[in-house]
Amino acid sequence: MADQPELASLPEPTQDERSMAFLAHLLQVFTGFIAPLIIFCIKQDSRFVKFHALQSLIWQLCYMALFFGGFFLFFISIFASVFHNASGPHTPNGPPPVFFFFFPFFWLFAMFGWVANVILGIMYGIKANHGEWAGYPIIGKWCLAKMARVAPTPVQPSSP
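In this text the structure is predicted, and so the values were computed from the model without any measurement.

**Examining the environment of Phe22**
Now for step 1: Mapped onto the secondary structure, Phe22 falls in helix α2 (residues 15-31).
Now for step 2: Separated by 102 residues in the primary sequence, Phe22 and Tyr124 have C-alpha atoms spaced 7.7 Å apart.

**Quick word on the packing of aromatic side chains**
Now for step 1: This structure, assessed with the given rule, holds ten aromatic pairs.
Now for step 2: Ring geometry for Phe51 against Trp133: centres 5.4 Å apart, planes inclined by 40°, an arrangement best described as tilted. Of the two residues, Phe51 sits in helix α4 (residues 47-87) while Trp133 sits in the loop between α5 (97-129) and α6 (139-149), which places them 82 residues apart along the sequence. Take Phe51 and Trp133: they sit in the same class, and that class is buried.
Now for step 3: Among the aromatic residues, those joined into a cluster by ring pairs are Trp59, Tyr63, Phe67, Phe68, Phe71, Phe75 and Phe106.

**Overview of a nonpolar patch on the surface**
Now for step 1: Taken together, the side chains of Phe75, Phe79, Val82 and Phe83 make up a nonpolar region of the molecular surface, amounting to roughly 420 Å² of accessible area.
Now for step 2: Mapped onto the fold, Val82 is located in helix α4.

**Structural notes on the side chain of Lys50**
Now for step 1: Take Lys50: it is sitting in helix α4.
Now for step 2: Lacking a salt bridge, the buried Lys50 has Asp45 as its closest oppositely charged neighbour, with an N-O distance of 8.6 Å.
Now for step 3: Those residues in contact with Lys50 that lie beyond four places of it in its chain are Phe40, Lys43, Gln44 and Met147.

**Points about unusual backbone geometry**
Now for step 1: Positive phi, normally seen in glycine, also occurs at Ile138, with a value near 70°.
Now for step 2: Looking at the secondary structure, you find Ile138 in the loop between α5 and α6.
Now for step 3: We classify Ile138 as exposed; its relative accessible area is 76%.

Each value, and the rule that gives it
Residues numbered from 1 in each chain as written. Predicted model: local features only at pLDDT ≥ 70, side-chain atom pairs only at ≥ 80, totals over all residues. Heavy atoms only, no water. Helix = DSSP H or I, 4+ residues; strand = E, 2+ residues; numbered from the N terminus. Phe/Tyr/Trp six-rings, centres within 6.5 Å; stacked < 30°, edge-to-face > 60°. Buried < 20%, exposed > 50% of the residue type's maximum accessible area, 1.4 Å probe, protein only. Patch = residues over 30% accessible without salt bridge, like charges linked within 9 Å, V, L, I, M, F, W, Y side chains within 5 Å. Areas by Shrake-Rupley, 256 points an atom, 1.4 Å probe, with all protein chains shown as cover. Salt bridge = Lys/Arg side-chain N within 4 Å of Asp/Glu carboxyl O. Lys, Arg positive; Asp, Glu negative; His and termini not counted. Contact = heavy atoms within 4.5 Å.

So, in structure tokens, the structure goes:
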């Protein structure tokens with residue numbers, strides 16, 4: 001593996017660090033970005049906790065951006081359909097036809113995101129609790145590079 005030299009230089013986490021990293025992953029399922037942000041801000045002294053909390057935080061921000069982007073497209077399609085139908089023949093009490101086309105896709109997109117969120121939170125939470133420096137796909141390598149770059153150089157005791 002290409003990451004082995006970087007992983008070998010990283011310190012072994014304590015049980016407290018493992019628990020906090022586990023909570024950063026698990027609580028994101030229930031609180032969104034709030035819990036990872038709080039844990040990231042509180043545990044600035046632990047690179048292990050910062051690594052896992054930063055991954056959870058970035059995932060939640062991406063998930064939230066995609067979710068709100070989907071909401072935006074859904075509402076734009078509804079309003080476009082309503083305004084388009086307002087100028088044509090009027091059908092009383094009929095929902096916009098675009099609603100029937102986009103709603104199943106929006107619902108599937110939202111459910112897929114929720115399932116991915118739960119799976120990532122539980123799977124990487126368990127890995128963090130075992131002390132692994134496991135990274136999310138794409139996000140993990142970037143976070144690991146950031147944590148390795150911030151790594152303090154070990155101080156060698158000088159001999160007289």
